Amino acid sequence: MYDVVVVGVDGSETAAAAARRAAQIAVAHDSRLEIVSAYDAVEAGEAAHFATEDDATSVAGRLAASLRAATPGLRVSASPVDGKPGDALVQRAAELGAGLIVIGNKRVQGVARVFGSVATSVMAKAPCDVYVVHTHGK
């Protein structure tokens, strides 16, 4: 059903929980999993992304290795993408022709309280299906 599944990570446990669910979905659909980590040196310090490409690559790479070891049959790769997290996920999904973006529903304050600002952004712009993983409290 999905050739490629994309998930974003930021080093948090909620993102790791979403990545674990994405790995399960990828294996169930014989899909490739692409772990995306956003970086933006210009706006470093904003939640949910890294200041440098090296930081983004390191976190995504470690998670990919961990998921590969824990999930038999998983085909996974990791890529850093320059930009804000929601935009980076949508961009990479479009580049790969992904059929699914998996995101967590990390709770935040204010307008994006229900899903989180990244999830809200992705749902508004996604070129494919979006699966929201319940990660609150995980």
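On a predicted model such as this, the values are computed, not experimentally measured, just so you know.

Analysis parameters
- Residues numbered from 1 in each chain as written.
- Predicted model: local features only at pLDDT ≥ 70, side-chain atom pairs only at ≥ 80, totals over all residues.
- Heavy atoms only, no water.
- Axes fitted to C-alpha atoms, helices over the stretch in contact; angles between N-to-C directions.
- Helix = DSSP H or I, 4+ residues; strand = E, 2+ residues; numbered from the N terminus.
- Left-handed = near helix turned anticlockwise from the far one by under 90°.
- Contact = heavy atoms within 4.5 Å.
- Nonpolar A, V, L, I, M, F, W, Y, C, P; charged D, E, K, R; others polar.
- Core = buried A, V, L, I, M, F, W, Y, C linked by side-chain atoms within 4.5 Å.
- Buried < 20%, exposed > 50% of the residue type's maximum accessible area, 1.4 Å probe, protein only.
- Expected span 1.5 Å × (residues − 1).
- Arc of directions from axis to C-beta.
- Pairing = 2+ DSSP bridges.

Draft legend 1. The packing of helix 3 (residues 85–96) against helix 4 (residues 117–125), seen in detail. Contact geometry for helix 3 and helix 4: axes closest at 8 Å, N-to-C directions at 35°. Both helix 3 and helix 4 take part in a crossing whose hand is right-handed. Residue-level inspection shows P85, G86, D87, L89 and V90 of helix 3 in contact with helix 4, the latter providing V118, S121, V122 and K125. The residue inventory of the contact of helix 3 with helix 4, partitioned by class, reads five nonpolar, two polar and two charged.

Draft legend 2. Structural context of the nonpolar core. Judged by nonpolar contacts, the single largest core of 23 residues is most densely connected at V5, V7, V9, L33, I35, L67 and V102. Secondary-structure elements contributing two or more residues to this core are strand 1 (4–8), helix 1 (13–28), strand 2 (32–39), helix 2 (53–70) and strand 4 (100–104). The element best represented in this core is helix 1, accounting for seven residues. When residues no more than four places from it in sequence are discounted, the contact partners of I35 are V7, V9, A60, L63, A64, L67, V76, S77, A78 and S79. Membership of the second largest hydrophobic core comes to 15 residues, among which are V4, I101, A119 and C128.

Draft legend 3. Seen up close, unusual backbone geometry. Its identity is not glycine, yet D30 carries a phi of approximately 50°, on the positive side. Judged by relative accessible area, which is 59%, D30 ranks as exposed.

Draft legend 4. Helix 2, seen in detail. The end-to-end C-alpha distance of helix 2 is 26 Å, a good match for the 26 Å that 18 residues give at a rise of 1.5 Å each. Where helix 2 is concerned, the buried positions are A56, V59, A60, L63, A64 and L67. Down the axis of helix 2, the buried side of the element spans an arc of 130°, and every buried residue falls inside it. Turned more than 90 degrees away from the buried face of helix 2 sit D54, R62 and A69, all of them exposed. Residues of helix 2 that are buried in the fold lie against helix 1, strand 2 and strand 3 (75–82).

Draft legend 5. Focus on the environment of I103. Tracing the backbone through its elements, the reader meets I103 in strand 4. You can call I103 buried: its relative accessible area is 5%. For the pair formed by I103 and G8, sequence separation is 95 residues and the distance between their alpha carbons is 6.7 Å.

Draft legend 6. How the structure looks around the sheet that holds strand 3. The sheet built from five strands is open, its strands ordered 3-2-1-4-5 with parallel pairing. Strand pairing shows two members of the sheet lacking a second neighbour, strand 3 and strand 5 (129–133), which therefore form its edges. Between one strand and the next, the sheet's axes are offset by a mean angle of 25°, whatever the strand orientation. With eight bridges joining them, strand 2 and strand 3 adopt parallel strand pairing. When the bridges of strand 3 are listed, S37 appears paired with P80. Along the sheet, helix 1 makes contact with strand 1, strand 2, strand 4 and strand 5, crossing strand 1 at roughly 175°. Across the sheet, helix 2 touches strand 2 and strand 3, and the angle it forms with strand 2 is around 155°.

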